[in-house]
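Summary of structural features
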Amino acid sequence: MKRLKIVIPKGSIFEGVIRLFNDAGIYININERVYRPVVNDPELQIKILRPQNIPDLVEIGSHDAGFTGKDWVIESNADVIEIMDLKLDPVKIVSAIPETNEISTLRKKRIIVASEYERLTRDFLKKEGFRYKFLRTYGATEVFPPEDADMIIDNTATGNTLREHKLKIYKVIMESTTRFIAGRQTLKEPWKRNKIQELKMLFQSVLDARERVMLEMNVPREKFDRIVKILPCMRSPTVAPLYGEKGFAVKIAVKRSEVVKLIPRLKKLGATDILEYEFRKVVV
């Protein structure tokens, strides 16, 4: 049987990727001591590894496709194809210094810069014109200043960890989200390319569903035209006559963010029996 070899990242973006698979109907049986989990799709072979390694492993063909942050794709300089931006787990890659330090002071000396990101760090410091010594970290980068580093390059989602360690952001270097990537050679094989496109469609349907809800309502005949004109929807509303021809049942798929203002407005215009419920998938 043909199989698509997929690598999933350990760490902070792991849960988001697993939930995406589960919501798509692909169930991965997770055991924290097992790095080759069981999956209910026999055409998939899953392995769990550090996100830092994934771009290179996909490039060389050890795995056909994988998930990792955009930051690690840039850091590794791997020659891979981005299938889609999942927009999950957004972070910023930032340079940060102790709250008591000033950049003008640091520019006058050779500074110690700690980071897991060597390529991003060197490119940034060269552009900024700093004299520096690079110190590679292996996690917990934020604990290095002030005794062991003058500056760090690290990722942050909220900035809370930096503030807790009395660090301030000097500059944002880039923004990163989780990406679905594949190898160039993989995409030259028709079966694998088709399987990847099927996964992309399923993942996109889940992501679209998370942004929308279904609204159902009853609309009196005399108020129908006025209400239908204000309805946002993906294409056009689904309308069916109510029993006894007293009005219409109307269904619309709307963005979740619109509901809080839309429902009170619909009620004022005469819609009744308004129901809101979740989608699992939206396939356009």
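What counts and what doesn't
- Residues numbered from 1 in each chain as written.
- Predicted model: local features only at pLDDT ≥ 70, side-chain atom pairs only at ≥ 80, totals over all residues.
- Heavy atoms only, no water.
- Domains from an automatic or database assignment.
- Core = buried A, V, L, I, M, F, W, Y, C linked by side-chain atoms within 4.5 Å.
- Buried < 20%, exposed > 50% of the residue type's maximum accessible area, 1.4 Å probe, protein only.
- Helix = DSSP H or I, 4+ residues; strand = E, 2+ residues; numbered from the N terminus.
- Contact = heavy atoms within 4.5 Å.
- Pairing = 2+ DSSP bridges.
- Axes fitted to C-alpha atoms, helices over the stretch in contact; angles between N-to-C directions.
- UniProt positions renumbered as here; feature names shortened; annotations may be inferred.
- Phe/Tyr/Trp six-rings, centres within 6.5 Å; stacked < 30°, edge-to-face > 60°.

On to the domain arrangement of the chain. Domains assigned within the chain are domain 1 (4-88 + 178-210), domain 2 (92-176) and domain 3 (212-278). Distance from the C-alpha centre of domain 1 to the C-alpha centre of domain 3: 38 Å.

Okay, the nonpolar core next. By size, the foremost hydrophobic cluster in this structure holds 29 residues, and its most contacted members are Ile6, Ile8, Phe21, Leu44, Phe67, Phe180 and Phe203. Elements that contribute at least two residues to this core include exactly strand S1 (4-9), helix H1 (14-23), strand S4 (44-49), strand S5 (65-69), strand S6 (80-85), strand S12 (178-183) and helix H7 (190-210). With sequence-adjacent residues up to four places away left out, phenylalanine 67 is seen in contact with Ile6, Val7, Ile8, Pro9, Val17, Phe21, Ile54, Leu86, Thr178, Arg179, Phe180 and Phe203.

Now for the pairing of strand S14 (residues 238-241). As paired elements, S14 and strand S15 (residues 247-255) share four bridges and run antiparallel to each other. The residue bridging proline 241 from the neighbouring strand is phenylalanine 248, located in S15. Where S14 folds back onto S15 in an antiparallel hairpin, the turn is made up of five residues, including glycine 244, whose phi is positive at roughly 85°.

This part is about the sheet that holds S1. Strand order in the open sheet formed by five strands is S4-S1-S5-S12-S6, with mixed pairing between adjacent strands. On the outer flanks of this sheet lie S4 and S6, each paired with one strand and no other. Neighbour-to-neighbour, the strand axes of this sheet turn through a mean angle of 30°, independent of strand direction. One ladder, built from six bridges, connects S1 with S4; its direction is parallel. Residue pairing for S4: valine 7 is matched across the bridge by lysine 47. With respect to the sheet, H1 is in contact with S1, S4, S5 and S12, its orientation differing from that of S1 by roughly 140°.

Mapped onto the elements, glutamate 175 comes out in strand S11 (residues 167-176). C-alpha separation for the pair glutamate 175 and lysine 70, spaced 105 residues apart in sequence, amounts to 8.1 Å. Beyond its immediate chain neighbours, meaning those up to four positions away, glutamate 175 contacts Val91 and Lys92.

Listed under "domain: ATP phosphoribosyltransferase catalytic" (unreviewed entry) in the UniProt record, and renumbered for this structure, are residues 50-202. The span residues 50-202 carries 31% helix and 35% strand; its end-to-end C-alpha distance comes to 24 Å.

The geometry of an aromatic ring pair comes down to the distance between the two centres and the angle between the two planes. Inspection of every chain in the model, using the stated rule, returns nine aromatic pairs. Plain terms: the ring middles of tryptophan 72 and tyrosine 117 are 4.4 Å apart, the flat faces sit at 20° to each other, and that makes the pair stacked. One end of the pair, tryptophan 72, is in helix H3 (residues 70-76); the other, tyrosine 117, is in the loop between strand S8 (110-115) and helix H5 (118-128), and 45 residues separate them in sequence. The exposure class assigned to tyrosine 117 is buried, which follows from its relative accessible area of 0%. Ring plane angle 75° and centroid distance 5.7 Å describe the contact between phenylalanine 180 and phenylalanine 203, whose orientation is recorded as edge-to-face. Taken together, the positions of phenylalanine 180 in strand S12 and phenylalanine 203 in helix H7 put the pair 23 residues apart, joining distant regions of the chain. The same class applies to phenylalanine 180 and to phenylalanine 203, which are both buried. Here a set of aromatic residues connected by ring pairs shows up, and it is made of Phe21, Phe67, Phe180 and Phe203.

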